[in-house]
Amino acid sequence: MLRLNVGMKSSEDGGVGTLSIGALAARFGLATHVLRHWEAMGLLHPGRDAGGRRRYGADDLTRVATILILKEAGLGLNTIRSLSATVDRATRHEILHPAAEELRLRIAAAQASLELIEGGLNCEYEDVTQCPGYRRLISERADPRSTAGAPVIEAVAPTS
């Protein structure tokens, strides 16, 4: 689980409970232009000080952390904006359902890639392409009609 410390220290906020754009960007390892872009898209709504400079409070830190987590999950900024603009459960489900399906597909692809790599690691042949377990994984991937079951990773020793 990703844990983010979004609390502010008085040395960062000038003692008034807010952060400058530079301090907020540094807190999350972002460039300041990213925060400006998110503001232009309506994802962030920083306050302004007397000089017109952006000031970010605790809610803004939470919003930035949320945006980063949703982006990591594969959601685009337009989807995140739509999601943040709704409080309706049905609309939220309508937005998140396709994202969940896409994430499931990415997870399955990553799992298949991991199987292939582990097959290569567990193969004792000099030429990994000759390993029966590796060859099976490749043939399953090459044949779209294949109904591959649970992953089976074999460590097979060559017979000399």
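Given the structure is predicted, the values throughout are model-derived calculations rather than measurements.

Turning to the overall build of the protein chain, a few remarks are in order. Within the protein chain, the secondary structure is distributed over 7 helices and 2 strands. When the helices and strands of the protein chain are read in sequence order from the N terminus, they spell out α-α-α-β-β-α-α-α-α. Counting the 160 residues in the protein chain, one finds 22% classified as buried. Summarising the internal contacts of the protein chain: among those between residues at least 6 apart in sequence, 46% fall at separations of at least 24. For the protein chain, the accessible area works out to roughly 10,600 Å², and carbon and sulfur atoms hold 55% of it.

Our next topic: the confidence of the model for the protein chain. Looking at the protein chain as a whole, its pLDDT mean stands at 83, while 81% of the residues score no less than 70. A low-confidence stretch, residues 1-6 (pLDDT under 50), is modelled with 11 contacts involving residues beyond four sequence positions or located in other chains. In this model residues 8-15 is a low-confidence stretch, pLDDT under 50, and it forms 18 contacts with partners more than four residues away in sequence or in other chains.

Per the counting criterion, the structure on display carries 6 salt bridges. When the shortest N-O distance is used, the salt bridge between Glu-39 and Arg-54 registers 2.5 Å. Here Arg-54 lies in strand β2 (residues 54-55) and Glu-39 lies in helix α3 (residues 32-40), a separation of 15 residues in the sequence. When the shortest N-O distance is used, the salt bridge between Asp-60 and Arg-63 registers 3.2 Å. Linking Asp-60 with Arg-63, this pair stays in helix α4 (residues 58-72), spanning 3 residues, or about one helical turn.

Counting 21 residues, the largest nonpolar core has Leu-24, Leu-35 and Trp-38 as the members making the most contacts within it. Per-element tally for this core: the top contributor is α4, with 5 residues. Not counting the four nearest positions on each side in its chain, Leu-35 is found in contact with Ile-21, Leu-24, Ala-25, Leu-30, Leu-44, Tyr-56 and Val-64.

What follows deals with the environment of Ala-25. Take Ala-25: it is sitting in helix α2 (residues 21-28). Classification of Ala-25 as buried rests on a relative accessible area of 2%. Along the chain, Ala-25 and Val-64 lie 39 residues apart, while their C-alpha atoms are 9.4 Å from each other. In contact with Ala-25, other than residues within four places in its own chain, are Leu-30, Ala-31, Thr-32 and Leu-35.

Judged by relative accessible area, Asp-60 falls into the buried class, the value being 6%. A polar atom in the side chain of Asp-60 sits 2.9 Å from the backbone nitrogen of Gly-57. Asp-60 has contacts with Leu-44, His-45, Pro-46 and Arg-55, leaving out every residue within four places of it along the chain.

Listing the buried residues of α2 in full gives Ile-21, Leu-24, Ala-25 and Phe-28. Buried positions in α2, seen along its axis, are confined to an arc of 100 degrees and lie on one side of it. Backbone geometry just downstream of α2 places Gly-29 in the positive-phi region, at approximately 70 degrees.

So, about the packing of α4 against helix α5 (residues 77-84). Orientation of α4 relative to α5, taken along the N-to-C sense of each, is 130 degrees, at an axis distance of 10 Å. One way to sum up the angle between α4 and α5 is to call them oblique. Viewed along their axes, α4 and α5 form a crossing whose handedness is right-handed. Contacts between α4 and α5 pair Ile-67, Leu-70 and Lys-71 from the former with Leu-77, Ile-80 and Leu-83 from the latter.

About the thresholds
- Residues numbered from 1 in each chain as written.
- Predicted model: local features only at pLDDT ≥ 70, side-chain atom pairs only at ≥ 80, totals over all residues.
- Heavy atoms only, no water.
- Helix = DSSP H or I, 4+ residues; strand = E, 2+ residues; numbered from the N terminus.
- Buried < 20%, exposed > 50% of the residue type's maximum accessible area, 1.4 Å probe, protein only.
- Contact = heavy atoms within 4.5 Å.
- Areas by Shrake-Rupley, 256 points an atom, 1.4 Å probe, with all protein chains shown as cover.
- pLDDT = per-residue confidence, 0-100.
- Salt bridge = Lys/Arg side-chain N within 4 Å of Asp/Glu carboxyl O.
- Core = buried A, V, L, I, M, F, W, Y, C linked by side-chain atoms within 4.5 Å.
- Polar contact = N/O pair within 3.5 Å; in protein donor to acceptor, adjacent residues only side chain to side chain.
- Arc of directions from axis to C-beta.
- Axes fitted to C-alpha atoms, helices over the stretch in contact; angles between N-to-C directions.
- Parallel < 35°, antiparallel > 145°, perpendicular 65-115°, else oblique.
- Left-handed = near helix turned anticlockwise from the far one by under 90°.

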